[in-house]
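Structure at a glance
The lines below spell out each chain.
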Amino acid sequence: MNSEVKRHKWLAWLWALVVCALLGHNAYLWVVQRIVPDTDILALLPVQERDPILQQSFTHMVDAAQQRVIVLVGAPDWTDATRAADAYNAVLAGHPGVLEAVKLSDETQGDWLAPFQKHSAALLTARQEAQLRSERAQFWTDAALAKLYSAFSGPKLGAFRDDPFGLFSGWVQDRAQETPVRPRDGKLFVSDAERQYVLMPLTMRAPAFSMTAQQTVVPLLEQAKQAALKAAPKANVITAGVVLHASAASGQAEGEMSTIGVGSLAGIVLLTWFTFRSLRPIALVLLSIGIGFLGSLSVCWLLFGRIHLLTLVFGASLIGVAQDYGIYFLCNRLSADPAENSVRLLKRLLPGLGLTLLAAVIGYTGLGFTPFPGLRHMAVFSAVGLVFAWLTVTCWFPLLVSGGTLRTGALARRYGATLARWPRVQLNLPTLIIAALFAVLAGFGWSRLGVNDDIRSLQTPPKHLIDDQIKLGKLLDAPTPVQYFLVRGASAEIVLQREEALKRRLDPLVAAKRIGGYQAMSNWVPSIRTQVERRALIDSKLLAPGGPLDSLAKAIDEDSAWSAATRAHLMAPRAPLTPEEFLKTPPSEPWRHLWLGDIEGVHASIVALRGMNMAALPDLRRAGEGMEGVQWVDKVAEISSVLGRYRQYMGWVVLAAYAVVFVLLYPRYRGNAWRVLAPTAVATIATLGVLGLAGQSLQLFHVLALMLLLGVGVDYGIFMQEHPGRRDTTPWLAVGLSAANTILSFGLLGLSRTPALQAFGLTMLIGTALAWLLVPCFANTKENEHA
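Here is a short report on the structure shown in this document. (Residues numbered from 1 in each chain as written. Predicted model: local features only at pLDDT ≥ 70, side-chain atom pairs only at ≥ 80, totals over all residues. Heavy atoms only, no water.)

1. Notes on the overall build of the chain
Check the secondary structure of the chain and you find 29 helices and 13 strands. Compactness check: the chain gives a C-alpha radius of gyration of 35 Å against a globular reference of 28 Å for 787 residues, more than 25% above the reference. Projected onto the principal axes, the alpha-carbon positions of the chain cover approximately 120 × 55 × 50 Å. Here the chain holds 787 residues, and 53% of them are scored as buried. Considering only residue pairs separated by 6 or more positions, the chain has 82% of its internal contacts joining residues 24 or more positions apart. Carbon and sulfur atoms make up 61% of the accessible area of the chain, which totals about 34700 Å². One finds the centroid of the 71 positive side-chain charges in the chain at a distance of 11 Å from the centroid of its 59 negative side-chain charges. (Helix = DSSP H or I, 4+ residues; strand = E, 2+ residues; numbered from the N terminus. Rg over C-alpha atoms; globule rule 2.2 N^0.38 Å. Buried < 20%, exposed > 50% of the residue type's maximum accessible area, 1.4 Å probe, protein only. Contact = heavy atoms within 4.5 Å. Areas by Shrake-Rupley, 256 points an atom, 1.4 Å probe, with all protein chains shown as cover. Lys, Arg positive; Asp, Glu negative; His and termini not counted. Charge placed at Lys NZ, Arg CZ, Asp CG, Glu CD.)

Encoded structure:
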């Protein structure tokens, strides 16, 4: 045994120890820790690291909705609706601990009012405030008498002395206008022109993005729906919740991961079999891919503490790239002298193999330059997988495959023979004509290439979920969690004052029906300054001696003692209502997401908007302009803007990567370095032209795919340049096998129903195919020019 082989065996044993550690760690993750892939699509979005308050406000809004499932059971007749709702609830009641329903009772409604009644003198609507300042005393006396004697004066809350002028009743009615939902027969009721609905807000006990929870909750909801339809055939059930979207996305991703993974593996197995007519190469290639996958999973988990399902879907396409190194070694072993030592063969191949790994890792590293955590996970997963696959090939393959153990299949021989007849680029008239035609077609395609950075174009939830969400949003007049105002201040009092100032700017938009209304903490808890001003306003306008209260007492035959006692009762000294006090009460539950509290010494809150449409966005943006501590947040526009900015940025990164790769290649290939890069560059230009001709709009994921195409395409150039001339068909065979498998894996990714993955897959599919077809055209035909 020569010393080279002996040293390589030590290397192989060392790598075996690393692989054993990988196996142990993966067994621990899957068997002991029982990890499950993350399905939260929001985890893939950029984090506002420079503005933690803004990031937390978004998380706050999303978390508030995340655990909720809203169910509307409706029918033309209220009796049918309640019968169907009861059947629905009966199914849920048989599975306690999965979903918790909101209970409604008379006691609950009484508890709702109690915290506010003692602060009634500080709770006024904007209209009441204006009336107090403008109306004469007689107006209030008449209003109080009408409230006392008229059967149509509106709801009466508490004793007459608690609210003689109906101000608190008016404030309660105003708060009730924030939602169209009303109690009816012990249930929550809402209706439209056609149906009457029972509203059933449900809270999930388990996290919405838990796959286990999704597998429990979604079938249970479907079972309950069928029970409701059986009880009342004319009923319909509308369901909305994050868990439904998460479940649909998980199912789609799992299916695609299986399709892409199984399809890629099947392609590799078949192509390797037809090429080598032996099971050993198949086993070796699968071994390198498997270790690459285990290594990626372990490193990603250690770095990020989670693994996203879409990362696994993307990682499944890694199979198409990770097999390049094994294929390249096996093809060269096939064509090499059987007497040549495999370790020595590897030593001869190492420069080319090292460059192919470096180029591919540079391509994947480009994904890591984006602010999207999901893309960074995919970049690390893929780059690490390639490194582990490469190390498996270099450490083990020379010892597992010796000379004379591989045979060539008929397919490989026929394919190799095509190289001799392949056209090549030369400085002649046909080449110039083809180049001119290519420039015209590519230019025409580029001229038709638009851009689309809208984040909404990357989402494709099932249509029935979108329909239900739209219907429910209209019925409940619910605010959107992605567009709102963020209000900040040095204290809670300043935040509430700024909210009140903002609301004064929003009121004209409400009056003009540009928006339906707004939800804000100051609707329930006015600032202390406002509470003091309102108490003083009521005292001076209604309760002062000789004012409306005394007039009212005379009108109802009460004496001055009644007036004094009523005044003392209404103006009794009380501590102001504060957000902290309000948040401890049951009525605050639906509004708690509006208050962010103290974050790193800054107090913050959210003003959410109801009944908003896209046309009102410019008005809303202008409404907050120039207000200290007020920020308009449009998460959709923000992420779309980030996508657009990084699309442009990554375009420059791709160009820079070409320059970096050229510098890496030049020391080895000198004047032929351009031949390595040219096929990929031409394929990139052509791919963009094809996308334009196909009517595609350019987005970030197309550009990211071009980055990866550079890493993949350069491999083919290196393979061909390592073996100049056309008599040796080994590199052409390696390129063919690699490209076929890459096309197969990324081609399957192009079938994904996730638009981002589809854009990525289509770009890789077209670009890889073109690079494969072009690489012999640019290969050096002079043998021995490079050694």
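There is more to say after this.
2. Describing unusual backbone geometry
Phi at Lys513 takes a positive value of approximately 60 degrees, unusual for a residue other than glycine. Inspection of the secondary structure puts Lys513 in the loop between helix H18 (492-511) and strand E9 (517-519). Note on Lys513: relative accessible area 71%, which makes it exposed. At Arg670, a position not held by glycine, the phi torsion is positive, near 50 degrees. Within the secondary structure, Arg670 is located in the loop between helix H25 (635-669) and helix H26 (673-693).

3. So, the pairing of strand E6 (residues 236-241)
Counting buried positions along E6 yields five of six residues, so the element is predominantly enclosed. One ladder, built from six bridges, connects strand E1 (residues 68-75) with E6; its direction is antiparallel. Paired with Val69 across the two strands is Gly241, which belongs to E6. (Pairing = 2+ DSSP bridges.)

4. Here we look at the state of the cysteines
Evaluated as defined, the whole model comprises zero disulfides. No disulfide involves Cys20; its sulfur sits 13 Å from the nearest other cysteine sulfur, which is in Cys395. Here Cys331 stays free of any disulfide, with the sulfur of Cys777 as its closest cysteine sulfur at 20 Å. (Disulfide = S-S within 2.5 Å.)

5. Comments concerning the pattern of salt bridges
Counted under the stated rule, the structure contains 14 salt bridges. Note that Glu340 and Arg348 form a salt bridge whose closest N and O atoms lie 3.1 Å from each other. Judged by relative accessible area, Arg348 falls into the partly exposed class, the value being 43%. Note that Glu628 is salt-bridged to Arg498, the shortest N-O span being 3.3 Å. Here the residue Glu628 occupies a position in the loop between helix H24 (617-623) and strand E12 (630-634), and Arg498 occupies one in helix H18, the gap between them amounting to 130 residues. On the accessibility criterion, Glu628 (63% relative accessible area) is exposed. Through salt bridges that share partners, Glu129, Arg133 and Arg534 make up one connected network. (Salt bridge = Lys/Arg side-chain N within 4 Å of Asp/Glu carboxyl O.)

6. Examining the nonpolar core
Phe329, Leu665 and Val714 are the most contacted members of the largest nonpolar core, which has 97 residues in total. With 16 residues, the single largest contributor to this core is helix H27 (residues 700-722). Excluding its chain neighbours within four sequence positions, the residues that come into contact with Leu665 are Leu355, Arg670, Ala673, Val676, Leu677, Val714 and Ile718. (Core = buried A, V, L, I, M, F, W, Y, C linked by side-chain atoms within 4.5 Å.)

7. Considerations on the packing of aromatic side chains
The final tally for this structure, using the stated rule, is 19 aromatic pairs. Relative to Phe388, the ring of Trp15 has its centre 5.6 Å away and its plane inclined at 50 degrees; by these criteria the two rings are tilted. Of the two residues, Trp15 sits in helix H1 (residues 3-32) while Phe388 sits in helix H14 (residues 373-400), which places them 373 residues apart along the sequence. Look at Trp15 and you get buried, because its relative accessible area is 7%. Using a relative accessible area of 14% as the deciding quantity, one classes Phe388 as buried. Look at Phe168 and Trp171: their rings are 5.9 Å apart centre to centre, the planes differ by 15 degrees, and that puts the pair in the stacked class. Of this pair, Phe168 and Trp171 both sit in helix H7 (residues 167-176), three residues apart, which is roughly one turn of that helix. Take Trp171: its relative accessible area is 0%, and that puts it in the buried class. Put simply, the rings of Phe116, Phe168, Trp171, Trp524, Phe582 and Trp591 touch in pairs and so form one group of aromatic residues. Over the ring of Trp524 we find Arg175, and its NZ or CZ is 5.8 Å from the ring centre. Here Arg184 stacks its cationic end above the ring of Phe189, 4.7 Å away from the centre of that ring. (Phe/Tyr/Trp six-rings, centres within 6.5 Å; stacked < 30°, edge-to-face > 60°. Lys NZ or Arg CZ within 6 Å of the ring centre and 35° of its normal.)

8. Here's the deal with the environment of Ala616
As for its position among the elements, Ala616 is in the loop between strand E11 (602-610) and H24. Distance from Ala616 to Leu509, taken between C-alpha atoms, is 8.7 Å for residues 107 residues apart in sequence.

9. Some details on the packing of helix H16 (residues 429-447) against H26
Between H16 and H26, whose axes approach to 7 Å, the crossing angle comes to 50 degrees. The angle between H16 and H26 places the two elements in the oblique class. Here the hand of the crossing between H16 and H26 comes out left-handed. Here Phe438, Ala442, Phe444, Gly445 and Trp446 of H16 lie close against H26, whose contacting residues are Val682, Ile685, Ala686, Leu688, Gly689, Gly692 and Leu693. A breakdown of the residues in the contact of H16 with H26 according to their chemical character gives nine nonpolar, three polar and no charged. (Axes fitted to C-alpha atoms, helices over the stretch in contact; angles between N-to-C directions. Parallel < 35°, antiparallel > 145°, perpendicular 65-115°, else oblique. Left-handed = near helix turned anticlockwise from the far one by under 90°. Nonpolar A, V, L, I, M, F, W, Y, C, P; charged D, E, K, R; others polar.)

10. Quick word on the side chain of His377
Tracing the sequence through the fold places His377 in helix H14. Looking at His377, the relative accessible area reads 11%, which means it is buried. Residue contacts for His377: discarding those within four places in its chain leaves Cys300, Phe304, Arg306 and Thr311.

11. Brief notes about the packing of helix H5 (residues 126-134) against helix H20 (residues 528-543)
Two numbers describe how H5 lies on H20: the axes approach to 10 Å, and their chain directions differ by 40 degrees. Between H5 and H20, the angle is such that the two are oblique. Note that H5 runs across H20; the crossing there is left-handed. Here Glu129, Leu132 and Arg133 of H5 come into contact with H20, specifically with Arg534, Leu537, Ile538, Lys541 and Leu542. In the contact of H5 with H20, the residues fall into four nonpolar, no polar and four charged.

12. What about helix H8 (residues 211-231)?
Taking 1.5 Å per residue, 21 residues should reach 30 Å; H8 reaches 31 Å between its end C-alpha atoms and fits that length. Residues of H8 that are buried: Met211, Ala213, Gln214, Val217, Leu220, Leu221, Ala224 and Ala228. (Expected span 1.5 Å × (residues − 1).)

13. Some words on a nonpolar patch on the surface
Residues Leu270, Trp273, Phe274, Leu279 and Leu411 make up a contiguous nonpolar surface patch of roughly 470 Å² in combined accessible area. For the nonpolar patch, the element with the most residues is helix H9 (residues 242-276), which contributes three residues. (Patch = residues over 30% accessible without salt bridge, like charges linked within 9 Å, V, L, I, M, F, W, Y side chains within 5 Å.)

14. A closer look at the environment of Ala623
Note that Ala623 resides in helix H24. The sequence separation of Ala623 and Arg505 amounts to 118 residues, and the corresponding C-alpha distance is 6.0 Å. Setting aside anything within four residues of it in sequence, one finds Ala623 in contact with Phe485, Leu502, Arg505, Leu506 and Leu509.

15. Remarks on helix H29 (residues 755-778)
For H29, built from 24 residues, the straight-helix expectation of 34 Å at 1.5 Å per residue is met to within 8% by its first-to-last C-alpha distance of 34 Å. At Trp772, H29 shows its maximal kink, close to 30 degrees; a proline, Pro776, follows between one and four residues later. (Bend = angle between axes of the 7 residues up to and from the residue.)

16. Describing the side chain of Ser298
Examined against the element boundaries, Ser298 turns out to sit in helix H10 (residues 279-304). Reaching out from Ser298, the side chain makes a polar contact with the side chain of His25 at a distance of 2.8 Å. Not counting the four nearest positions on each side in its chain, Ser298 is found in contact with Leu22, His25 and Asn26. (Polar contact = N/O pair within 3.5 Å; in protein donor to acceptor, adjacent residues only side chain to side chain.)

17. Quick look at the environment of Ile470
Its place among the elements puts Ile470 in helix H17 (residues 463-476). Separated by 230 residues in the primary sequence, Ile470 and Ala240 have C-alpha atoms spaced 9.4 Å apart.

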